[in-house]
Amino acid sequence: MYILDTIAAIATPLGAGGIGIVRVSGPDSESIGKLIFSGSKKIIGGGFESHRLFYGRFFHPSDGFLIDEGMLVLMRAPRSYTREDVLELHCHGGYLIVSKLLDACVAAGARLAEPGEFTRRAFLNGRIDLAQAESISDIISSSTDRSLALAQSQREGHLSRSLAELRSPLIDALALVEAYIDFPEDEVDPLVIGAVLDRIAAVRSSLQKLLDTFTTAKVLREGVSVLLLGRPNAGKSSLLNALTGTERAIVSHLPGTTRDLIEETVSLYGLPVKIIDAAGIRSHHFDSVEQEGVRRALDKVGSADLILLLIDGSKPVLNEDLELASNLGKTPYLLVLTKSDLPHMVDTAKFENAIGICPVSAKQAVGINDLTMFIYDYFVSSSVVSSDGVALVSTVRHRDILLRAFSSLERFSYNQLINSPPELLSLDLREALSALGEITGETTADELLDLIFSSFCIGK
Amino acid sequence: MHCYETKYDVIVVGAGHAGCEAALAPARMGCLTLLLNMSLDGMAVMSCNPSIGGLAKGHLVREIDALGGEMAKNIDATGIQFRVLNTRKGPAVRAGRAQADKQLYRLRMKYVLEHQDNLHVKQGEVTALYMQGDELMGVDTRSGIRFIGRTVILTTGTFMRGLIHIGLINYPGGRAGDLPSAGLSDDLRGLGFDVGRLKTGTPARLDGRTIDFSRLEAQYSDDNPVPFSFSTKRITMPQIPCYIAYTNSKTHEIIRSGLDRSPLYSGVIEGIGPRYCPSIEDKIVRFPEKERHQTFIEPEGLETVEYYPSGMSSSLPIDIQIAFYRSMEGLEKVEMMRPAYGIEYDYVNPIQLHATLETKLIKNLFHAGQINGTSGYEEAAGQGLLAGINAALRVKGKEPVRFARHESYIGVMVDDLVTLGVKEPYRMFTSRAEHRLLLREDNADIRLRDLGYRLGLVDEDTYSDFCNKKDEINKELERIKVTRIGLTPVEKEWCSHHDCKDIQKGTTLDQILRRPEIGYDQLQEIDQISKELTKEVREQVEIQIKYQGYISRQMEQIERMRKQEEVRIPEEFDYNNIPGLTLEVQEKLKRYKPDTLGQAARIEGITPAAVAIVAVMLKSRGEQKVES
Ligand SMILES: Cc1cc2nc3c(=O)[nH]c(=O)nc-3n(C[C@H](O)[C@H](O)[C@H](O)COP(=O)(O)OP(=O)(O)OC[C@H]3O[C@@H](n4cnc5c(N)ncnc54)[C@H](O)[C@@H]3O)c2cc1C
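Throughout this document, residue positions are counted from 1 along each chain, in the order its sequence is written. A letter from A marks each chain and a number from 1 marks each ligand, given out in the order of writing. Selection of residues for local features in this predicted model requires a pLDDT of at least 70, selection of side-chain atom pairs for listing and counting requires 80 or more, and totals for whole chains, interfaces and linings are taken over all residues. Processing note: side-chain calculations cover all non-hydrogen atoms of the structure and skip hydrogens and water entirely.

Our focus in this paragraph is the overall build of chain A. Helix and strand definitions follow DSSP, with helices as H or I runs of at least four residues and strands as E runs of at least two, each counted in order from the N terminus. In terms of regular secondary structure, chain A is built from 14 helices and 14 strands. The buried share among the 460 residues of chain A stands at 54%. A fraction of 66% describes how many contacts in chain A between residues 6 or more apart in sequence connect residues 24 or more apart. Approximately 19900 Å² of chain A is accessible, and the part contributed by carbon and sulfur atoms is 55%. For each residue, the accessible area found with a 1.4 Å probe, counting protein chains only, is set against the maximum for its type, and the residue is called buried under 20%, exposed over 50%, and partly exposed in between. Note on contacts: a residue pair is in contact if any heavy atoms of the two residues lie within 4.5 Å. Reported accessibility uses the Shrake-Rupley method at a 1.4 Å probe radius. Residues are deemed covered only where the shown protein chains occlude them.

With that out of the way, let us pick up the pattern of salt bridges. Residue and element names in this part refer to chain B. Whenever Lys or Arg places a side-chain nitrogen within 4 Å of a carboxyl oxygen from Asp or Glu, that contact is recorded as a salt bridge. In the structure shown here, the tally under the stated rule is 54 salt bridges over all chains. Taking the shortest distance from any N to any O, the salt bridge between R161 and D346 comes out at 2.9 Å. Highlighted residues: R161 in the loop between β9 (145–154) and β10 (163–166) and D346 in strand β19 (residues 341–348), separated in sequence by 185 residues. Put simply, K470 and D450 hold a salt bridge, and the shortest N to O gap is 3.3 Å. Remark: D450 occurs in helix α11 (residues 444–455) and K470 occurs in helix α12 (residues 460–482); sequence separation between them is 20 residues. Residue classification places K470 among the partly exposed residues on the basis of a relative accessible area of 26%.

Attention shifts here to the sheet that holds strand β5 (residues 95–100) of chain B. Residues and elements named next belong to chain B. If you walk across this open sheet you meet the 3 strands as β3-β5-β4, and the pairing is antiparallel. The open sheet has two free edges, formed respectively by β3 (51–53) and β4 (79–85), since each of these has just one partner strand. When strand polarity is set aside, the average angle formed by the axes of neighbouring strands in this sheet is 20 degrees. Bridge count between β3 and β5: 3 bridges; the pairing is antiparallel. Note that in β5 the partner of G53 across the bridge is R97. When DSSP finds two or more bridges between a pair of strands, those strands are recorded as paired. Note on definitions: angles span 0 to 180 degrees between N-to-C directions of axes, and those axes are lines fitted to C-alpha atoms, for helices only across the stretch in contact.

On to the domain arrangement of chain B, then. Under the domain assignment, chain B is made up of domain 1 (2–157 + 187–200 + 345–455), domain 2 (205–341), domain 3 (460–551) and domain 4 (567–627). On a C-alpha basis, the centroid separation for the pair domain 2 of chain B and domain 4 of chain B is 47 Å. The split of the chain into domains comes from an automatic or database domain assignment.

Moving on: helix α1 (residues 29–36) of chain A. The complete set of buried residues in α1(A) reads A:S29, A:E30, A:I32, A:G33 and A:I36. For α1(A), the buried positions fall inside an angular range of 160 degrees around the axis, keeping them on one side. Comment: arc refers to directions from the helix axis out to C-beta atoms.

This brings us to helix α18 (residues 583–592) of chain B. All names here are of chain B. Listing the buried residues of α18 in full gives V585, Q586, L589 and Y592. Down the axis of α18, the smallest arc covering the buried residues is 145 degrees, so these residues share one side. Along α18, the residues that are exposed and aim more than 90 degrees away from the buried face are L583, E584 and R591. At the C-terminal side of α18, K593 shows a positive phi close to 40 degrees.

What follows covers the nonpolar core. Across soluble globular proteins, nonpolar side chains show a tendency to be buried alongside one another. Definition used in this section: a nonpolar core is a set of buried Ala, Val, Leu, Ile, Met, Phe, Trp, Tyr and Cys residues joined via side-chain atoms within 4.5 Å. Core analysis: the largest hydrophobic core is formed by 80 residues, its most contacted members being B:I153 and B:I389. When residues of this core are assigned to their parent elements, the largest contribution, 11 residues, is made by helix α9 (residues 377–395) of chain B. Both domains that furnish three or more residues to this core are identified here as domain 1 (2–157 + 187–200 + 345–455) and domain 2 (205–341) of chain B. Beyond its immediate chain neighbours, meaning those up to four positions away, B:I153 contacts B:V10, B:I11, B:V12, B:V13, B:A22, B:F366, B:A368, B:A387, B:G388 and B:A391. Residues A:L174, A:V177, A:F406 and A:L409 belong to the second largest nonpolar core, which totals 33 residues.

Our next topic: the side chain of B:S279. All names here are of chain B. Within the secondary structure, S279 is located in the loop between α6 (249–257) and α7 (280–286). Judged by its relative accessible area of 3%, S279 is buried. Residues contacting S279, with those up to four places away along its chain left out, are S313 and S314.

All names here are of chain B. The near set for a molecule or strand comprises every residue that places at least one heavy atom within 4 Å of it. Around the ligand sit 35 residues, and of these A18, N37, V126, Q370 and G376 come closest. Within 3.5 Å is the distance limit for a polar contact, defined as a pair of N or O atoms, with the added protein rule that one can donate a hydrogen and the other accept it, and that residues adjacent in sequence qualify only through two side-chain atoms. A distance of 2.7 Å separates an oxygen atom of the ligand from a polar side-chain atom of N37. Protein coverage of the free-state accessible area of the ligand, which is 980 Å², stands at 98%. Looking at which element gives the most residues to the shell around the ligand, the answer is strand β12 (residues 195–202), with 3 residues. In terms of residue class, the shell around the ligand is built from 14 nonpolar, 19 polar and 2 charged. When residues are sorted by character, Ala, Val, Leu, Ile, Met, Phe, Trp, Tyr, Cys and Pro go into the nonpolar class, Asp, Glu, Lys and Arg into the charged class, and all the rest, Gly among them, into the polar class.

All names here are of chain B. At their nearest, the axes of helix α2 (residues 57–66) and α11 sit 7 Å apart, and the two run at 35 degrees to each other. α11 is crossed by α2, and the crossing has right-handed handedness. Between α2 and α11, the residues in contact are R62, E63, D65 and A66 and A444, D445, R447, L448, R449 and G452, respectively. Crossing chirality is assigned from the near helix's rotation relative to the far helix, an anticlockwise turn below a right angle marking it left-handed and a clockwise turn marking it right-handed.

This next bit is on the environment of B:L523. All names here are of chain B. Here L523 lies in helix α15 (residues 520–523). Taking relative accessible area as the criterion, L523 reaches 0% and is therefore assigned buried. Excluding residues within four positions of it along the chain, L523 makes contact with W494, L509, I512, L513 and S530.

Take unusual backbone geometry next. The amide bond that connects A:A77 to the next residue, A:P78, takes the cis arrangement and shows omega of 0 degrees. Relative to the helices and strands, A:P78 resides in the loop between β5 (66–75) and β6 (86–92). Residue B:L357 is not a glycine yet carries a positive backbone phi of 75 degrees. Topologically, B:L357 is positioned in the loop between β19 and β20 (365–367). One non-glycine residue with positive phi stands out, namely B:D499, at about 65 degrees.

Turning our eyes to something else, we now look at the environment of B:S327. Residues and elements named next belong to chain B. For S327, the location among the structural elements is in the loop between α8 (318–326) and β18 (336–338). Spatially, the C-alpha atoms of S327 and E253 are 10.0 Å apart, while their sequence positions differ by 74 residues. At 2.8 Å, the side chain of S327 forms a polar contact with the side chain of T251.

A few words now on the packing of aromatic side chains. Ring pairs are drawn from Phe, Tyr and Trp, using the six-membered ring of Trp, whenever the two centres fall within 6.5 Å, and their geometry is named by plane angle: stacked under 30 degrees, edge-to-face over 60, tilted for the rest. Enumeration according to the criterion identifies 13 aromatic pairs over all chains in this entry. Plain terms: the ring middles of A:F37 and A:F58 are 5.5 Å apart, the flat faces sit at 50 degrees to each other, and that makes the pair tilted. Here A:F37 is found in strand β3 (residues 37–39), whereas its partner A:F58 is found in strand β4 (residues 53–59), with 21 residues between them in sequence. Relative to B:F466, the ring of B:Y463 lies with its centre 5.9 Å away and its plane at 35 degrees, an arrangement referred to as tilted. You can see B:Y463 and its partner B:F466 sitting in helix α12, 3 residues apart, about one turn around the helix. Across this residue pair, the class does not change: B:Y463 and B:F466 are buried. Connected via pairs of aromatic rings, a cluster forms that spans A:F37, A:F48, A:F54 and A:F58. Above the face of the B:F230 ring, B:R62 is positioned so that its terminal group lies 4.8 Å from the ring centre. Only when the NZ of Lys or the CZ of Arg is both within 6 Å of the ring centre and within 35 degrees of the ring normal is a charge said to sit over the ring. Between the NZ or CZ atom of B:R292 and the centre of the ring of B:Y246, over which it lies, the distance is 3.6 Å.

Looking now at the pairing of β12(B). Within a regular beta strand, the side chains point alternately toward one face of the sheet and then the other, so they alternate between its two faces. Residue and element names in this part refer to chain B. Of all 8 residues in β12, 8 are buried, a share of seventy percent or more. Of the two faces of β12, the one carrying V195, R197, K199 and G201 and the one carrying G196, L198, T200 and T202 are both buried. In this structure, β12 lies alongside β19, joined through 8 bridges in antiparallel fashion. Looking at β19, one finds that R197 is bridged to D346.

Confidence in the prediction of chain B, expressed as mean pLDDT, is 92, and 98% of residues score 70 or more. For this predicted complex, the interface score ipTM comes out at 0.83, alongside a pTM of 0.77. The predictor reports its confidence for every residue as pLDDT, a score running from 0 up to 100.

Printed below as a string of structure tokens:
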């Protein structure tokens, strides 16, 4: 029997599903469960009873952050899918909650599973019968791996291109180190390694920057904020009600932070969205007071992540609306045309900077779903690319990979500093490359040799 | 055809570096073995450079020795300059290299072969395999004798359809001065083997009496030559120097002027040459900015005046050769004794082999050495040994051995060959081994001695020496783990002397040894017992301690891959109609026919998901057998 480490992955298709499952397999499954779960039921003999559902809450082990409430079930080896101890964590199905939960498992000691690894383990542990049925569907219709891959392929494409650029200095450095090792009599100058050090330092800081963009953590902890803007009669309050009343949304009322603004936090498929409505201005008088309200709302503009600009779709565009739109600066806005049940009168071409247009009718609950999907997609699916086209790191898996690459390079620099022998430098570089390779594709031995022989005049 | 009366267990075709090991191993394992070579004067000939070892190659030689092969002992007995390379780098990438007296090397090996029990050495050129239907029965020779054998190992080197090039002149030859082997590769092609063409080259041999050595820099042997074999106590051969010379702009000009008559640049040579062993014309074309190229002028032996200018191989015409060698400082008056030449030869695609080196097409047929697309004596010998062992195990009805990538360079090499195939002559580099820190010269015995002993290739005395050494190492590792420093005034003084004042009372010796600035040389100043340890034990312990973190990281990786690595895919496994596998992946797998899931995963373009699917299909089709 071989001792394997413990792996974790999201086991349900990503997106707006009802529940999400994170699956953990390996010897540490139970201890991971204990670290991140606190349940209402008594745990028997300090452990979870096998094959039994426990209800409770999931916390992140690093900061104690409450992730969600949900269920836990432990299936002890060998009565499990992989024939190892398997832990399943069921939570609300939103992408962010599920990935946060996965992140918690990793923080508690699991390693992110490679694609197909659960199935592989099931097979390697000699699980025949069920493996056929389940795992093939697992891989092919592929709740786990493939949908993950599909959902991520876009993200990955972009990230991969950025990483490919980081990879080349690493390969150059490795080729140098390897040439220096393997051709001691071929006049490979160890000093040239110094020349790549700067480039490696640059790679490190690029990785750091990428890691800083890891949105999930920030988004999950703080949520995103959406500001409703529009003239009083544009239909903000009905929209707010419609949004907070959405079936899928879980509402929690927070007291307004300022006297004039109302904040509601809704969870869109697991994404906490703080909706700020300049509702306070409604209780005031018209004209000058309205100007004041708009001013206060505009103060908020800079700190909002997205603005919903509401315009009464049944009326022609007013100059104030256009003025408002032009005052939004860099904050992206979505044009929401309310009262879409009435005849459409707006010339939308005038709002050329809008990131999208969503006709809704709060009254008849038309378009609300599209609007929530739009908001969700905007923050989650498309958060790959920031406005200036820089790749962002948005999944736990990617962050994990980049972290590994980063720490290998840190070790490289340290080893370089203390004059460690080149074979250790090589190992650090190889580990960094192989981590990046999980996104960009492997560096083959041949590729490396190609580089060695084309860069150095070597051999006899 | 006259059918020879003796029936052999193992027939080895070719007595090059692969063939010699391939014949000795089964004979030593008790199998009646026949070794056939085109000429009995040409056994264990060093066709090219007069040296053994170097980076990664030295590692191979040590592994061969640990397993009970002959190469290490042969070079120890006939080497005339021993050096350890990379002494300033870490132990994993240190390697021995020795210049050989070429004739003595060949003669000593011939002696060993001739005096080996169970081994018949005969002259004869094999022209075809003798088959009955699908079954391999033996070999046919040009002189009309048919030999019957249960297994056959082909180690034909550069000889099959060898074609020698000097400028635009070319003629058939297996090596300068030797006939080529004709017919055999056509026979193999007829049997379904994928026969291709490769190319390599060798420099001229120069007359030492016409070289002005006083103007060249000499390079001497190490003061205490380190032998290759774990059993050799001391190197007794006289040690002589090599010399370093350089090309210059004049040389380069001459070479450029001859390129139009180079068979390579004019397209006469079709075979693919090695990138790492470029001819001098290659170097000059590819690196025009380089002002000079270095060459080591190496003696070919103690009694001969022939010298080998390494790195100066060429297939340029004779007039250009003479002129460019003479353009170098110290070589102005040099006489060329043998011209440089290039050679093209037939090889068989190694993806048609199992990791045991048995062919996938014909049972009981093994290929080893340059025929598999490798180049180099050590690479050849390593494969020869493995093929010899597995032929013997087949004869004895035992399970074959396979070497894992994390166990030996032989394992890395064979896996690379049979999993990926070759596109150019394959040479071993340490960079090919992903577990390089584990695969060191110094621990080759710890990795492989047990196996060699179990196979019957390592004798009792050698083995018990080895066991003692291993015990000593383990004892010492244990001791330093529990011995703590008391920080007496003397020890305190020692700490500050060695710049490690931060050492606390109660620190164990292994923790102290882990520090980069401390080794046994320092430790023994305060630790009496370490003075009494042998050099080997100190070396092993120190390396293990210093590399520890890295080694355990590598071990974890290996452990993780292990299960997949060992799952076997049956030969007849059908990749058609596997749902989820793309057509491209199916085609690849059908072509490469990996033996294990681990191999499948290493084939370019095979994704982890594809491997998982194959794994599942293996199970569900009930076709999978895990071999223990
Ligand atoms: C010109 C030249 C340049 C080289 N350059 C390099 C280099 O730069 N670096 C490097 O590492 N290596 C080089 N080598 C390769 C090195 O010599 C070989 O890799 C190594 O010797 C291969 O060992 P082997 O046992 O496979 O074959 P070889 O040593 O070639 O031995 C093959 C043996 O098989 C015998 N034989 C062949 N066919 C038959 C047959 N049909 N019947 C009976 N006997 C047969 C031959 O007589 C020969 O003894 C070079 C070789 C040559 C010829």
